[in-house]
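# Residue-level structural notes
As a plain string of letters, each chain reads:
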Amino acid sequence: MNLMNPYKNPRNRFRSPLGFTLVELLVTITIIVVLVLVAVIAIGKARARAELANCATNLRAWGVAVQGYSQDHNGDVQVENWGAITDETLFYEEYLGGDKETPSASHKGNTVYRTQICRCCPSQKWTDSAGPVGYAMIRPNSGADDPDADPVSYRLNAAEDPSRLLLMIESNGETILDSPEQFSSEVVPLCTEANMRHSESVNALFADGHVSVMKKGDLEGTGDDAKRQQWFTLR
């Protein structure tokens with residue numbers, strides 16, 4: 001019997017031993033690559049959403065801590081050096097569930113203060129044992145003729161509308177903000193590609209305890225400027 005070698009048949013010259021043509025193999029590989037890319041993008045978006053939610057959880061914890069501290073200290077809120085890790089400046093450590101006398105939280109193999117963990121946005125990377133400071137405390141304008149004006153603290157219970165008073169917001173490095181004009185240098189950069197944490201937005205904590213997602217337009221003042229000023233006005 002004279003059997004023709006299938007690999008000498010011109011119709012089979014590009015057919016693999018598995019029965020696929022070269023074109024079919026390339027199409028299959030392309031589909032697999034596309035599916036992998038789609039999966040990677042989806043995982044990245046899911047991770048970003050998780051980090052945004054964890055960041056909001058951090059800020060809500062700060063809201064509870066600041067409220068607790070304020071209630072125990074005649075309505076005061078400490079803003080000066082709030083992020084420093086020293087015995088004199090761990091104002092909110094016990095209100096975050098820690099012990100200001102000694103580090104009691106575990107993070108990546110290190111024993112640290114709860115303040116160190118909570119002050120860091122989950123999107124930030126620790127570059128040293130102290131960790132980064134990802135949030136700035138707001139120092140509101142309480143009025144030029146206010147006899148109780150204090151550069152290191154203010155009375156939270158004096159806020160006319162806590163739902164419109166900013167307490168804390170994500171920051172590019174500065175730990176205290178005095179006006180919305182500082183957003184352009186300290187907050188807006190977090191909405192740009194080079195420093196982006198949460199896809200052109202940041203989380204902000206208000207004095208009534210709610211957390212809001214702020215977009216780049218809100219921060220740059222393209223919206224209601226009077227509203228932005230209210231964020232920094234105690235009364």
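Preceding this paragraph is the structure being described.
Conventions adopted
Residues numbered from 1 in each chain as written. Predicted model: local features only at pLDDT ≥ 70, side-chain atom pairs only at ≥ 80, totals over all residues. Heavy atoms only, no water. Salt bridge = Lys/Arg side-chain N within 4 Å of Asp/Glu carboxyl O. Helix = DSSP H or I, 4+ residues; strand = E, 2+ residues; numbered from the N terminus. Buried < 20%, exposed > 50% of the residue type's maximum accessible area, 1.4 Å probe, protein only. Disulfide = S-S within 2.5 Å. Pairing = 2+ DSSP bridges. Patch = residues over 30% accessible without salt bridge, like charges linked within 9 Å, V, L, I, M, F, W, Y side chains within 5 Å. Areas by Shrake-Rupley, 256 points an atom, 1.4 Å probe, with all protein chains shown as cover. Lys, Arg positive; Asp, Glu negative; His and termini not counted. Charge placed at Lys NZ, Arg CZ, Asp CG, Glu CD. Core = buried A, V, L, I, M, F, W, Y, C linked by side-chain atoms within 4.5 Å. Contact = heavy atoms within 4.5 Å.

### Describing the pattern of salt bridges
- As enumerated under the stated definition, the model contains five salt bridges in all.
- For Arg155, the salt bridge goes to Asp76, with nearest N and O atoms at 2.5 Å. Residue Arg155 is found in strand E5 (residues 153-155), and its partner Asp76 is found in strand E1 (residues 76-78); the two are separated by 79 residues along the sequence.
- The exposure class assigned to Asp76 is buried, which follows from its relative accessible area of 19%.
- The shortest N-O distance in the salt bridge between Glu170 and Arg197 comes to 2.9 Å.

### Some details on the state of the cysteines
- Tallying each qualifying case throughout the model produces zero disulfides.
- Counting only cysteine sulfurs, Cys120 is the nearest neighbor of Cys118, a cysteine outside any disulfide, at a range of 9.9 Å.
- We note that Cys121 lacks a disulfide partner, and the nearest cysteine sulfur, in Cys55, lies 3.9 Å from it.
- Look at Cys121 and you get buried, because its relative accessible area is 0%.

### Brief notes about the side chain of Gln78
- Along the chain, Gln78 falls in strand E1.
- By relative accessible area, Gln78 is classed as buried at 15%.

### Quick notes on the pairing of strand E8 (residues 201-206)
- Across the six residues that make up E8, a large majority, six, are buried.
- Between E8 and the antiparallel strand that follows it, strand E9 (residues 211-215), lie four residues; Gly209 among them carries a positive phi value of about 100°.

### Concerning a negative patch on the surface
- Together, Asp72, Asp87, Glu88, Glu94, Asp99 and Glu101 give the surface a local cluster of negative charge.
- For Asp72, the position within the fold is in helix H1 (residues 22-72).
- Classification of Asp72 by relative accessible area gives exposed; the value is 53%.

### Structural notes on the nonpolar core
- Trp62, Trp82, Tyr92, Tyr135, Tyr154, Leu156 and Met168 are the most contacted members of the largest nonpolar core, which has 28 residues in total.
- Those elements giving two or more residues to this core turn out to be H1, strand E4 (135-138) and strand E6 (166-170).
- With seven residues, the top contributor of residues to this core is H1.
- If sequence neighbours within four positions are ignored, Met168 has contacts with Leu59, Trp62, Trp82, Tyr135, Ala136, Met137, Ile138, Ala204 and Leu205.

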